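Residue-level listing of the chains:
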Amino acid sequence: MARISFRAVKALVLAGGSGTRLRPISHTSAKQLVPVANKPVLFYGLEAIRDAGITEVGIVVGDTEPAIRSAVGSGRAFGLEVTYIRQHAPLGLAHAIVVSREFLGEDDFVMYLGDNFIVGGITALVEEFRASRPDALIMLTSVADPRQFGVAELDGTGQLIGLEEKPQQPRSDLALVGVYLFTSAVHEAVAELAPSWRGELEITEAIQRLMRNGGKVISTIISGYWKDTGNVADMLDVNRTVLESVEPTVVGVVDAASELIGRVVIEASARVSASRIVGPTIIGAGTVVTGSYIGPFTSVAPGCVIADSEIEYSIVMEGASIRGVRRIEASLIGHEVEVTPAPEVRKAHRLVLGDHSKVQISS
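Structural notes, computed from the coordinates. (Residues numbered from 1 in each chain as written. Predicted model: local features only at pLDDT ≥ 70, side-chain atom pairs only at ≥ 80, totals over all residues. Heavy atoms only, no water.)

**Details of the sheet that holds strand β27 (residues 321–323)**
The sheet built from six strands is open, its strands ordered β15-β18-β21-β24-β27-β30 with parallel pairing. Every other strand in the sheet has two partners, leaving β15 (253–254) and β30 (338–339) as the edge strands with one partner each. Of the strand pairs in this sheet, strand β18 (residues 271–273) and strand β21 (residues 288–290) are connected by three bridges, and their pairing is parallel. Across the sheet, the residue bridging to V272 is V289, located in β21. (Pairing = 2+ DSSP bridges. Helix = DSSP H or I, 4+ residues; strand = E, 2+ residues; numbered from the N terminus.)

Spelled out as structure tokens, the structure:
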């Protein structure tokens, strides 16, 4: 078997952007730090990069830089060496390459969108790139609504012949997954770009320029699970997928009046009393659950309180409290949020009646 050349490959992780589809959560939190099974989605990407044998990582950051820096630090906890690269505005994926030019140098690199989630990681993709070393290697997957993504067009033999960013009339249902591999040839292609109608430097246009300039661009269609976690529905679906693989572990305290069913994780110093918890579910460290039902596919972060309530298929972020509420489903609840019942309002009729009116009221 031919030996794969382990030429240096860096990683460029995009963790800027405003996260408009996750508002209001993203008004106060970086969208890449929203937890999936109590771990920020960004961390899964960093771990996938490390597992692929890459150690030098540049993280492109915007206005949420302080939060990203606080969460990731030097990268040492992940076995990585992290450099932070400021992008003053989210001007496109190709613009992220422009501002990262000094960090990237002439090295090959993988560009990874920090809010994307790929089951199985990227090791096989990186090894394929190292072995064949095209100028660009992109991942494609079939999606229900390709108008939201960069879309690839293949010819009858499966060869890539064109790309288009968020087309109104897509030529296929094959969307670009948020992981790209490039040689330094991409820098020349990016330098030729002008802003698109969206005001951004589009990575799809850069790849097409590579092709027009005679570069080798190959695509691979993945059949595994991939999500862009840019909205609440997709975030909850990723949470469900990750929780399906958890192993039941009880480190916290569960009293005799409680019932745990299925794959339930109770982390250290968490306390559960007079409650029913149906997995797969994770209860974070220090969280207190009393007199409640927590249903499948729910992640409750550390330091929360859930009392006399019911919740399932949801993500509850750190420090939140839910008291006396029935019933919560398919929800994303932010840091330090308080959810309580609305005060009971007495029923009343408010009337503005003209002269000689006749009104019948059933009370």
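**Description of unusual backbone geometry**
Note the cis peptide between G279 and P280, where omega equals 5°. Within the element layout of this structure, P280 appears in the loop between β19 (276–278) and β20 (281–283). In this structure, R327 follows R326 across a cis peptide bond, with omega equal to 5°. Here R327 lies in the loop between β27 and β28 (328–329). If you check the backbone angles, Y313 has positive phi at about 45° while not being a glycine. In this fold, Y313 is placed in the loop between β25 (310–312) and β26 (315–316). Judged by its relative accessible area of 25%, Y313 falls in the partly exposed class. One non-glycine residue, A330, lies in positive phi territory at about 50°. (Buried < 20%, exposed > 50% of the residue type's maximum accessible area, 1.4 Å probe, protein only.)

**Considerations on the environment of E344**
Summarising the element assignment, E344 is placed in the segment after β30. Counting along the chain gives 266 residues from E344 to F78, while the straight-line C-alpha distance between them is 50 Å.

**A short note on the pairing of strand β4 (residues 56–61)**
For β4, the tally of buried residues reaches five of six residues, placing the bulk of the element in the interior. Here six bridges tie β4 to strand β5 (residues 81–86), and the two strands are oriented parallel to one another. Bridge pairing links I59 to Y84 in β5. Handedness of the β4-helix α3 (residues 65–72)-β5 crossover: right-handed. (Right-handed = clockwise from strand over helix to strand, strands pointing away.)

**Looking at the environment of A301**
Looking at the secondary structure, you find A301 in the loop between β23 (298–300) and β24 (305–307). The exposure class assigned to A301 is buried, which follows from its relative accessible area of 4%. Taking the C-alpha atoms as reference points, A301 and M317, 16 residues apart in sequence, are found 5.1 Å from one another. The contact partners of A301, leaving out residues within four places of it in the chain, are N38, G284, T287, V316, M317 and E318. (Contact = heavy atoms within 4.5 Å.)

**Side note on the packing of aromatic side chains**
Following the criterion strictly, the structure yields five aromatic pairs and no others. Relative to F117, the ring of Y44 lies with its centre 5.3 Å away and its plane at 75°, an arrangement referred to as edge-to-face. On the criterion of sequence distance, the pair formed by Y44 in helix α2 (residues 41–51) and F117 in strand β7 (residues 116–118) is long-range, its members being 73 residues apart. Residue Y44 is classed as buried on the basis of its relative accessible area, which comes to 16%. (Phe/Tyr/Trp six-rings, centres within 6.5 Å; stacked < 30°, edge-to-face > 60°.)

**Re the pattern of salt bridges**
In total, this model carries 20 salt bridges according to the counting rule given. In this structure, E312 engages R327 in a salt bridge whose closest nitrogen and oxygen atoms are separated by 2.6 Å. With E312 in strand β25 and R327 in the loop between β27 and β28, this residue pair connects regions lying 15 residues apart in the sequence. Residue classification places E312 among the buried residues on the basis of a relative accessible area of 18%. With its nearest N and O atoms 3.2 Å apart, the salt bridge here joins R327 to E329. Assessed through its relative accessible area of 41%, R327 is described here as partly exposed. Residues joined by salt bridges that share partners form a network here, namely E310, E312, R326, R327 and E329. (Salt bridge = Lys/Arg side-chain N within 4 Å of Asp/Glu carboxyl O.)

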